[in-house]
Amino acid sequence: MTAKLPQRAFKAAKFSKDAKKANISDAELCEAIRQVMAGQADELIAFRLLAQSYAGLTELQVKHLVNDQHFVEICHEDKTQI
């Protein structure tokens, strides 16, 4: 039996800067992501496809993307906000 990994969300570094300029908080982004993953925002098909492709990344790939500052972690199942 495989253990269920905690749900995590990331944002690209450029998106992080753009979201900050637009006064979009990480908490708002996390809530939007929860809604998308629950299928409550079907108009965001492109986002869902992107999220699915990111879901296929290994932990090592994610670690490298975060360490290289291509991704910024914004929420984690174990923590409300990073």
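Residues numbered from 1 in each chain as written. Predicted model: local features only at pLDDT ≥ 70, side-chain atom pairs only at ≥ 80, totals over all residues. Heavy atoms only, no water.

Now, about the overall build of the protein: what can you tell me, with residues and values included?
Summing up its helical and strand segments, the protein has 4 helices and 2 strands in all. Shown N-terminal to C-terminal, the secondary structure of the protein runs as helices and strands in the order β-α-α-α-α-β. Expressed as a percentage of the 82 residues in the protein, the buried residues total 20%. Intrachain contacts of the protein at a sequence separation of at least 6 include 64% that bridge at least 24 residues. In the form shown here, the protein has an accessible surface area of approximately 6400 Å², with 57% of it arising from carbon and sulfur atoms. (Helix = DSSP H or I, 4+ residues; strand = E, 2+ residues; numbered from the N terminus. Buried < 20%, exposed > 50% of the residue type's maximum accessible area, 1.4 Å probe, protein only. Contact = heavy atoms within 4.5 Å. Areas by Shrake-Rupley, 256 points an atom, 1.4 Å probe, with all protein chains shown as cover.)

Let's hear about the pairing of strand β2 (residues 71–76): which residues, and what values?
Within β2, 5 of the 6 residues are buried, which leaves the element mostly enclosed by the surrounding structure. Here strand β1 (residues 8–12) runs beside β2; their pairing, made up of 5 bridges, is antiparallel. Looking across to β2, one finds that alanine 9 is bridged to cysteine 75. (Pairing = 2+ DSSP bridges.)

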